[in-house]
Amino acid sequence: MSEPVASVRNLSKRFGTKEALIDVTAEVEQGDVIGVLGKNGAGKTTLLEILLGFSPPSAGSTMIFGENSLQLSEAAKARIGFVPQQDELLGMLSGKQQVAIGAVFHKRWDHALIDRLLVDWEVPTDRRIHTLSVGERQKLSVLLALGHHAGLLVLDEPVASLDPIARRRFLQELFDVGENPTRAVLFSSHIVSDLERAANKVWIIKDGRLYWQGYVDTLKESVVRLHVRARAPLPSVVPVPHRLACRVEGNRATVAVAEWSAAKRDALAKELEADVEVEPLGLEEIFIELHK
Amino acid sequence: MLKPQSGIPIYRQLVEQITRLIAGGQLAPGATLPSVRELALEHAVNPMTISKAYALLEADGWLERHRGKPMTVASRRRSQAALTQRLAQLEKPVDELVLAARQLEITKKELVTLLNKKWEDGDV
């Protein structure tokens, strides 16, 4: 196995008395596209910012390309692309001037790619940035992070203000890795459908803890909703292992469970003396069930 | 064709759809498949997801991999699957359908009427 692109070890962060992150451990491997999912205020931005070395952890540590986030070399920094939640574009410049600055800062700047994306993504380049719409600014901001073919791309809510067509183009660009198949992407988003398409893995952050991490496929196969129909009235809490949420009405019940596998159905049906129907859940519904 | 927001993982949707196309003869032996990159871009899904589906189909003998060329539908065995084999693939969804119909207290006749209507509509 090659060295992880980034790693987080037992990371905790306190702001005064508030615990923003609690004992988070995770890794980003080459080629990963990881979606960071969580409610507002769950700690997504804090996690990304500490990983990038913008603020020190209260406990634990984070590394990028094998270097401590707080002491990244220039060479390591040059291999990172970052799109912050609030863009850091210079309002008085035109799009063209802002792109020129990006090109100056990076040795390996892909002029052809950026020229193409400016056209494809319909970003006005002659107007001053402060006259652009929020969506146009966001497109420009994402585009600038793609220009130097970063080995690690970190995007904090990169597509929140983009329309569906722009979001689709953005995802396609994310996958057109071409010469850089080892690039890893870490992006937070509350637009679950984008995560569902793009991410091979998810990190679900809940109240500062990394509540679930792993492959999207595994998550979908292990969290399901069971529709139970028994011959006799069911107890108010249906006894199912790894139960998340449960609603009982007489001899019918709806139960969300984790760590499910198809093989468990028959045994459960027998134990409850019931018909058990399994409903697979999309990521959005899984997210909601995990927060009940 | 792919529904990323469904509870069925995307790689499994792909595997099921491609096996159905091969078993049904719409994808003939020797037919080439789009590259991982093409499919990933078309649907804006992660290329690893497509690779995973292709690898599973290859392991099961549905597809053949060729160095530096597109994958093709395997020339022998399953490509001309017998009717019983094709029907076997429908068993699980049909079980689920029948169970759901019973739970909704829908009669066999009503269900068959619905099936007929869906079959004729042609927009499925």
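See the structure shown above.
Just so you know, these numbers come straight off a predicted model, no measurement behind them.

Chemist: A description of the overall build of chain B should follow, citing residues and the corresponding values.
Modeler: A count of helices and strands for chain B gives five helices and two strands. In chain B, which comprises 124 residues, the proportion classed as buried is 34%. For chain B, the separation between the mean place of its 18 positive charges and that of its 14 negative charges on side chains is 6 Å.

Chemist: So what's going on with the interface of chain B and chain A? Which residues, and what values?
Modeler: Contacts between chain B and chain A engage 24 residues on the former and 26 residues on the latter. Of the roughly 2100 Å² buried at the junction of chain B and chain A (both faces included), carbon and sulfur atoms supply 49%. Contact with chain A buries area across many residues of chain B, yet Leu-41, Ala-44 and Gln-103 of chain B alone supply 26% of it, more than any other trio. For the interface between chain B and chain A, the tally reads three salt bridges. Residues Arg-12 of chain B and Glu-221 of chain A are paired through a salt bridge, measuring 2.9 Å at the closest nitrogen-oxygen approach. In this structure, the connection of chain B to chain A is made through 11 residue pairs in polar contact (both at pLDDT 80 or more). For the side of chain B that touches chain A, the class distribution of residues is 12 nonpolar, six polar and six charged.

Chemist: Before we move on, could you go through helix H1 (residues 10-23) of chain B and cite the residues and values that matter?
Modeler: Along an α-helix, a turn takes 3.6 residues, which lines up residues three or four apart on a common side. Residue and element names in this part refer to chain B. The terminal C-alpha atoms of H1 lie 20 Å apart, and with 14 residues this matches the ideal 20 Å at 1.5 Å per residue to within 8%. All of the buried residues in H1 are Ile-10, Tyr-11, Gln-13, Leu-14, Val-15, Gln-17, Ile-18, Thr-19, Ile-22 and Ala-23. Two residues or fewer past H1, Gly-25 is found with a positive phi of approximately 90 degrees.

Chemist: I'd like a description of the pairing of strand E4 (residues 59-64) of chain A, backed by residues and values.
Modeler: Walk down a regular strand and you will see the side chains alternate between the two sheet faces. Residues and elements named next belong to chain A. Pairing analysis gives five bridges linking strand E1 (residues 6-15) to E4, with the strands arranged antiparallel. Within the sheet, the bridge partner assigned to Ser-12 lies in E4 and is Ala-59. Relative to strand E5 (residues 67-68), E4 is paired through two bridges, and the arrangement is antiparallel. Pairing of Met-63 across the sheet is with Asn-68, part of E5. The turn joining E4 and E5, which pair antiparallel and follow one another in sequence, is formed by two residues; a positive phi near 50 degrees is taken by Phe-65.

Chemist: Describe the sheet that holds strand E2 (residues 18-28) of chain A, with residues and values.
Modeler: In spatial order, the strands read E2-E1-E4-E5 (chain A); together these four strands make up an open sheet with antiparallel pairing. On the outer flanks of this sheet lie E2 and E5 of chain A, each paired with one strand and no other.

Chemist: Tell me about the packing of helix H4 (residues 111-120) of chain A against helix H5 (residues 134-146) of chain A, and name the residues and values.
Modeler: Residue and element names in this part refer to chain A. Direction vectors running N to C along H4 and H5 enclose 160 degrees, while the axes themselves pass 10 Å from each other. Of the possible angle classes, the one that applies to H4 and H5 is roughly antiparallel. Crossing of H4 against H5: the hand is right-handed. Residue-level contacts link Leu-113, Ile-114, Leu-117 and Leu-118 of H4 to Leu-140, Leu-143 and Leu-146 of H5.

Chemist: For the pattern of salt bridges, give the residues involved together with the corresponding values.
Modeler: Residue and element names in this part refer to chain A. Tallied over the entire structure, the rule returns 21 salt bridges over all chains. The shortest N-O distance in the salt bridge between Arg-137 and Asp-87 comes to 2.9 Å. Of this pair, Arg-137 sits in helix H5 while Asp-87 sits in the loop between strand E6 (80-83) and helix H3 (95-105), and the two are 50 residues apart along the sequence. Because the salt bridges share partners, they merge into one network encompassing Arg-225, Glu-279, Glu-285, Glu-289 and Lys-292.

Chemist: So what's going on with the sheet that holds strand E11 (residues 224-230) of chain A? Which residues, and what values?
Modeler: All names here are of chain A. Strands sit in the order E12-E13-E11-E14 across an open sheet of four strands; the sheet is antiparallel. Looking at which strands have only one partner, the edges of the open sheet turn out to be strand E12 (243-249) and strand E14 (274-280). Between one strand and the next, the sheet's axes are offset by a mean angle of 15 degrees, whatever the strand orientation. Sheet topology places E11 next to E14; seven bridges connect them, and they run antiparallel. Considered in E14, the bridge of Arg-225 is made with Glu-279. Most of the contacts of helix H9 (residues 264-272) go to E14, to which it runs at about 140 degrees, and overall it touches E11 and E14.

Chemist: Just give me the short version of the packing of aromatic side chains, but keep the residues and values in it.
Modeler: Residues and elements named next belong to chain A. Using the criterion set out here, one finds one aromatic pair over all chains in the structure. Aromatic side chains Phe-54 and Phe-82 sit 5.4 Å apart centroid to centroid with 65 degrees between the ring planes, which places their arrangement in the edge-to-face category. One end of the pair, Phe-54, is in the loop between helix H1 (44-51) and E4; the other, Phe-82, is in strand E6, with 28 residues separating them in the sequence. By relative accessible area, Phe-82 is classed as partly exposed at 22%. Its end group placed over the ring of Phe-65, Arg-79 keeps NZ or CZ at 3.9 Å from the ring centre.

Chemist: Tell me about the side chain of Lys-139 of chain A, and name the residues and values.
Modeler: Residue and element names in this part refer to chain A. By secondary structure assignment, the location of Lys-139 is in helix H5. There is no salt bridge for the buried Lys-139, and the closest opposite charge comes from Glu-122, which lies 5.0 Å off by N-O distance. Residue contacts for Lys-139: discarding those within four places in its chain leaves Trp-121, Glu-122, Val-123, Leu-162 and Ala-166.

Parameters and conventions
- Residues numbered from 1 in each chain as written.
- Chains lettered and ligands numbered in written order.
- Predicted model: local features only at pLDDT ≥ 70, side-chain atom pairs only at ≥ 80, totals over all residues.
- Heavy atoms only, no water.
- Helix = DSSP H or I, 4+ residues; strand = E, 2+ residues; numbered from the N terminus.
- Buried < 20%, exposed > 50% of the residue type's maximum accessible area, 1.4 Å probe, protein only.
- Lys, Arg positive; Asp, Glu negative; His and termini not counted.
- Charge placed at Lys NZ, Arg CZ, Asp CG, Glu CD.
- Contact = heavy atoms within 4.5 Å.
- Buried area = accessible area lost by both parts, 1.4 Å probe.
- Salt bridge = Lys/Arg side-chain N within 4 Å of Asp/Glu carboxyl O.
- Polar contact = N/O pair within 3.5 Å; in protein donor to acceptor, adjacent residues only side chain to side chain.
- Nonpolar A, V, L, I, M, F, W, Y, C, P; charged D, E, K, R; others polar.
- Expected span 1.5 Å × (residues − 1).
- Pairing = 2+ DSSP bridges.
- Axes fitted to C-alpha atoms, helices over the stretch in contact; angles between N-to-C directions.
- Parallel < 35°, antiparallel > 145°, perpendicular 65-115°, else oblique.
- Left-handed = near helix turned anticlockwise from the far one by under 90°.
- Phe/Tyr/Trp six-rings, centres within 6.5 Å; stacked < 30°, edge-to-face > 60°.
- Lys NZ or Arg CZ within 6 Å of the ring centre and 35° of its normal.

Any link to function would need more than the numbers given here.
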